[in-house]
Structure formats: structure tokens, C-alpha cells
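Results of the structural survey
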Amino acid sequence: MTRSHAGAVRQLPSTSVSVAVDAADPITQAGLAAGLSRGPKLALTTVAEADVVVAAVQTADNSTLEALRSLPMPPPARIVLVVNDGWYADLTVAAERGVRAVLWRAETQPQPLIRAVLAVAAGEALLPSEVQGELLDQADRLQRNVLVPKGLTPSGLTTREIDVLRLVAQGLDLAEIAETMCYSERNIKKILYGVINRLGLRNRVHAVSYAIRNKLI
């Protein structure tokens, strides 16, 4: 099975990126640091000062990812995970721990490693095809088993709630939204207040801002 990553970073960071290596094996630590030292836009530093941390692990499982909590990374530092053998972790856990790129140890040469660090620093994510497949499988299970039975989308909002927020953003008042969606004005108010209360927002404007910021509308 082919394991590939993007060959180039769409948008290089405008300033140098501070990067640190965390590995239990000193030989791996030294090898990764030597490879990163070839990157002209990379500056090696400590984990506590890094923009991106390259963390080397034997196997990626949930306990391994949980151990990443102990890394003294400054927020919002991100992780490039170098894995020796196999992916057995929940990708939502990986994302919560700051993992934004995964590389297989056997294929981690200096240039792909440098590209991965620069990509992560630029806000991108790089995942091998196997991990991407697992991500899609997890999303499908979440959709079928959790969200659809509750009438929710992956955003945590219902399609009806998203439609209401979109119409508010377009400048329609409650009466116009009610007419457009064939609901009563009272129902539209109930939908809006439900979103505001559930998400801990202040008002309609805040709700629309939330939806736009999270690319829901």
C-alpha cells in the first residue's frame, strides 16, 4: 500500500519555525534533529519553546497519545508524529493532543520531515493514506451511529438550525425567516434560542458570528 504525503507546502511560513524533537531513544532523537537542521527556515529549540514538536513513538495508540499531554508545549504548539509501526489510535484523540501530521519512521527522510514541519506550521495537516482512511471510517461511524439518530450534523447543529442562522446572516427578520421556512415565528425564535443556549452564546449576532467562524454558513 502506498504511503504518500503532499510534496509541497501550499503556503510557507513567513518567519522561521522553532521546532523540537521528543524521542525516548537518543539515536532517534539525534537522527531527527540532524534531519531538521537541514531546513533553512527551521530553528531547533526545546519542547517548551517550540512552534512544532516532532514526537517519535513506537506505536500510535490511545495510551501513547495520552502521554503527549506531559509534553510542556506552549499553546498552540502542534505535533508531527513519527510512528515506527502501526496506527491504532482514535483520530479525535490525536487531534485533541495537537497531532497535525503523521509520518512512518521507515520513510522519514530529512526533506519529507522538513516539509511536514513547515506544513503544520502553516496550518496544514498531513496524514498517510491509511490514517486518512481510518479518519473517514470514524467520521462515517459517528455520522451513522450518533449524529443521524439525533438529527445532527458534524457541527453539532441540526440542518434546520444551520438554515435559520444562514437566513439571519442574510439579513432576514424573524417573520421573513418563518415565511421562507414555512414555520411559525414562534418556532423560529425557539430554534434560535435553542442554539444560543446550547452553545453558550450571547445573542443572535454572536450565534451568526459563531456559525461563520466555524464555516457552517
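Report on the accompanying structure. (Residues numbered from 1 in each chain as written. Predicted model: local features only at pLDDT ≥ 70, side-chain atom pairs only at ≥ 80, totals over all residues. Heavy atoms only, no water.)

A short note on the sheet that holds strand β2 (residues 42-44)
Across the sheet, which stays open at both edges, the five strands sit in the order β2-β1-β3-β4-β5 with parallel pairing between neighbours. Unpaired on one side and paired on the other, β2 and β5 (99-104) mark the two borders of the sheet. If you compare each strand with its neighbour and ignore which way they point, the axes differ by 25° on average. The pairing of strand β3 (residues 52-57) with strand β4 (residues 78-83) spans six bridges and is parallel. When the bridges of β4 are listed, V57 appears paired with V83. Sheet strands in contact with helix α1 (residues 26-36) are β1 (17-22), β2 and β3, and its direction is about 160° off that of β1. (Pairing = 2+ DSSP bridges. Helix = DSSP H or I, 4+ residues; strand = E, 2+ residues; numbered from the N terminus. Axes fitted to C-alpha atoms, helices over the stretch in contact; angles between N-to-C directions. Contact = heavy atoms within 4.5 Å.)

What to know about the pattern of salt bridges
Within the structure shown, the criterion is met by five salt bridges. Across the salt bridge formed by R97 and E96, the nearest N and O atoms sit 3.5 Å from each other. Since its relative accessible area comes to 12%, R97 is described here as buried. For the salt bridge of D163 with R166, the shortest nitrogen-to-oxygen distance reads 2.8 Å. Remark: R166 and D163 occur in helix α6 (residues 159-169); sequence separation between them is three residues, near one turn of the helix. (Salt bridge = Lys/Arg side-chain N within 4 Å of Asp/Glu carboxyl O. Buried < 20%, exposed > 50% of the residue type's maximum accessible area, 1.4 Å probe, protein only.)

By themselves, these are just geometric observations and shouldn't be taken as functional.
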